[in-house]
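Take a look at the letters that make up each chain.
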Amino acid sequence: MSTTGQVIKCRAAVAWEPGKPLVTEDVEVAAPQAHEVRIKIVATGVCHTDWEYMYGTGKGMKFRPFPLVLGHEAAGVVESVGPEVTKFSPGDKVIPLFLPQCGECERCLSPKTNHCRKNWANTQVGVLADGTSRISCKGQQVYQFLGIGSFSQFTVVPDISLAKIRDDAPLEKVCLLGCGVSTGYGAALKTGKVEKDSSCAVFGLGAVGLGAVMGCQVAGAKRIIGVDINPDKFAKAVELGATECVDPRDHSKPIQEVLAEMTDGGVDYALECVGSPAVMTAALESTRDAWGTCVIAGWTEREAMSVVVEKLLMGRTLKGTYFGGWKSVEDVPKLVDDYMNNKLKLDEFITHNLPLDQINVAFDLLKSGKSIRTVISL
Ligand SMILES: NC(=O)c1ccc[n+]([C@@H]2O[C@H](COP(=O)([O-])OP(=O)(O)OC[C@H]3O[C@@H](n4cnc5c(N)ncnc54)[C@H](O)[C@@H]3O)[C@@H](O)[C@H]2O)c1
Ligand SMILES: [Zn+2]
Ligand SMILES: [Zn+2]
């Protein structure tokens with residue numbers, strides 16, 4: 001029986017309040033409105049940003065209301081489309097995007113940036129273009145994290161926040177291209193523009209950092225130094241291209257000094273994939289003067305990193321990256337192609353698979369450093 005135009009009842013993991021475990025509930029997902037697409041989510045990764053928002057520094061921020069369906073690293077199939085949707089049809093395989101690409105705004109028309117701002121203010125507070133979300137539970141509106149909310153069997157997203165991907169792509173793998181792997185890979189290739197034969201340091205070896213390691217390798221970097229305080233992450237980093245790994249806790253000197261000694265003056269590129277202001281400062285200071293580039297991919301909402309101005313005056317560049325600099329709608333299908341052509345790896349990032357009702361276990365695995373990515377099947 002077709003569900004087009006109907007409210008769909010399904011299961012979703014609802015975050016009722018910050019800091020508390022998620023609760024798997026029966027929810028209702030409304031039909032898509034104009035320029036919206038309803039998707040059956042098939043698989044979703046659990047990203048550090050979901051954790052951070054729930055339990056970290058973003059916890060309880062007033063401008064992101066609860067209850068909330070988290071999740072923003074997913075893949076699924078179009079169930080139905082709202083009026084005026086021209087680029088999607090039921091059955092299309094898709095990846096929802098927390099960064100849209102409207103294709104029309106000043107930023108979309110510029111090759112310099114991927115920061116489309118269409119619907120931005122709304123998606124940041126968990127609602128769609130009309131200021132409401134499409135998910136409700138027990139008669140109450142449930143917000144959609146970053147305008148997606150993929151910890152639900154169905155969700156609705158704007159048609160500019162969706163990438164159509166090839167039919168033969170395995171959704172339980174390519175879901176990771178919705179956030180973490182793409183972010184790190186692009187931090188190295190698009191934002192950092194890592195060069196052949198260069199030296200790189202990647203701080204933090206979770207999915208974002210390992211994506212960055214892979215990007216440095218694809219760019220042809222000569223040295224790729226993985227930095228993490230959890231040595232259990234080193235084997236996978238080496239598998240994905242790290243030439244050596246360092247645990248800052250094994251050294252009495254600050255890590256930036258250790259890296260400067262290892263590279264005779266500092267690395268050409270440092271990629272921060274932790275989300276810690278102190279690590280961001282260390283990453284900047286580990287780059288070589290005259291031309292070193294530091295890219296910040298880690299996310300933290302309230303804290304500031306400290307920058308010694310002289311470090312910049314001596315020729316270093318400090319950059320940030322959001323979704324790896326990729327133009328989301330047009331680049332995500334190309335990243336899927338890279339995976340299908342064995343240029344980009346994804347299987348290595350998936351350490352656990354769990355059903356939706358074990359979502360809290362996935363958070364525990366991430367936070368305790370036991371997982372890289374858990375893929376949740378819905
Ligand atoms: N810029 C973006 O668009 C974007 C997208 C996705 C994620 N993020 C952010 O990227 C960061 C990483 O995400 P993830 O999902 O890979 O997280 P993760 O938790 O899987 O990995 C973080 C890694 O950092 C390591 N770490 C912690 N403290 C460290 C320290 N002091 N020195 C070195 N390593 C340390 C941890 O051991 C862990 O291996 C988070 O801040 C996340 O919010 C940003
Ligand atoms: Zn993410
Ligand atoms: Zn735009």
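Calculation rules
- Residues numbered from 1 in each chain as written.
- Chains lettered and ligands numbered in written order.
- Predicted model: local features only at pLDDT ≥ 70, side-chain atom pairs only at ≥ 80, totals over all residues.
- Buried ≥ 20, exposed ≤ 12 C-beta atoms within 10 Å, placed from the backbone.
- Helix = DSSP H or I, 4+ residues; strand = E, 2+ residues; numbered from the N terminus.
- Contact = placed C-beta atoms within 7 Å.
- Near = placed C-beta within 6 Å.
- Nonpolar A, V, L, I, M, F, W, Y, C, P; charged D, E, K, R; others polar.
- Domains from an automatic or database assignment.
- Axes fitted to C-alpha atoms, helices over the stretch in contact; angles between N-to-C directions.
- Parallel < 35°, antiparallel > 145°, perpendicular 65-115°, else oblique.
- Left-handed = near helix turned anticlockwise from the far one by under 90°.
- Core = buried A, V, L, I, M, F, W, Y, C linked by C-beta atoms within 7 Å.
- Pairing = 2+ DSSP bridges.
- Right-handed = clockwise from strand over helix to strand, strands pointing away.

## With respect to helix α9 (residues 277–285)
All buried positions along α9 are accounted for by Val 279, Met 280, Ala 282, Ala 283, Leu 284 and Glu 285. Where α9 is buried, its residues contact β11 (199–203), α8 (255–262), β14 (269–272), β15 (293–296), α10 (309–313) and β16 (317–320).

## Some remarks on the site of ligand 1
In the region of ligand 1, 33 residues are neighbours, and His 48, Gly 204, Gly 206, Gly 275 and Trp 299 sit closest. Those elements that provide at least two residues to the shell around ligand 1 are α1 (48–55), α5 (180–191) and α6 (207–219). Residue composition of the shell around ligand 1, grouped by class: 17 nonpolar, 13 polar and three charged.

## As for the domain arrangement of the chain
The domain boundaries assigned to the chain delineate domain 1 (8–178 + 345–377) and domain 2 (182–322). Centre-to-centre separation of domain 1 and domain 2, based on C-alpha positions: 28 Å. Taken together, the 16 residues of domain 1 in the interface contact 17 residues of domain 2. Of all the elements, α1 adds the most residues to the side of domain 1 that touches domain 2, at three residues. When the residues that make up the side of domain 1 that touches domain 2 are grouped by side-chain class, the tally is six nonpolar, six polar and four charged.

## Focus on the packing of α5 against α6
The relative placement of two packed helices is expressed as an angle between their axes plus a distance between the axes. Remark: α5 packs on α6, axes separated minimally by 6 Å, with the N-to-C direction vectors making an angle of 40°. With respect to their mutual orientation, α5 and α6 come out oblique. Relative to α6, α5 is oriented so that their crossing is right-handed. In this structure, α5 contributes Gly 180, Val 181, Ser 182, Thr 183, Gly 184, Tyr 185, Gly 186, Ala 187, Ala 188 and Leu 189 to the contact, and α6 contributes Ala 207, Val 208, Gly 209, Leu 210, Gly 211, Ala 212, Met 214, Gly 215, Cys 216, Val 218 and Ala 219. The class makeup of the residues in the contact of α5 with α6 is 13 nonpolar, eight polar and no charged.

## Here's the deal with the nonpolar core
Of all hydrophobic cores here, the largest spans 116 residues; its most connected members are Val 174, Cys 200, Val 202, Ala 212 and Leu 271. Here the element with the most residues in this core is α6; it accounts for eight residues. Residues lining this core come from more than one domain, with at least three contributed by each of domain 1 (8–178 + 345–377) and domain 2 (182–322). Not counting residues up to four positions away in its chain, the partners in contact with Ala 212 are Gly 184, Tyr 185, Ala 187, Ala 188, Val 202, Leu 271, Cys 273 and Ala 297.

## Remarks on unusual backbone geometry
The phi angle of most residues is negative, glycine excepted, and most peptide bonds adopt the trans form. Look at the link from Phe 66 to Pro 67: it is a cis peptide, with omega at -5°. You will see that His 35, though not glycine, has its phi angle at about 60°, which is positive. Phi is positive for Asn 119, close to 65°, though the residue is something other than glycine. Tracing the chain through its elements places Asn 119 in the loop between α2 (106–109) and α3 (120–124). The exposure class of Asn 119 is partly exposed, given the 19 C-beta atoms found within 10 Å.

## A word on the pairing of strand β17 (residues 350–355)
Examined bridge by bridge, β17 and strand β18 (residues 373–377) share five bridges and lie parallel to one another. When the sheet's bridge partners are listed, Ile 350 is paired in β18 with Arg 373. For the crossover that starts at β17, traverses helix α12 (residues 359–367) and ends in the parallel β18, the hand is right-handed.

## What about the sheet that holds strand β12 (residues 223–227)?
Pairing is parallel in the open sheet, where six strands are placed in the order β13-β12-β11-β14-β15-β16. Here the strands that pair on one side only, and so sit at the sheet edges, are β13 (244–246) and β16. Averaged over all adjacent pairs, the angle separating strand axes in this sheet is 20°, with direction ignored. As defined by bridge partners, β12 adjoins β13 across three bridges and the pair is classed as parallel.

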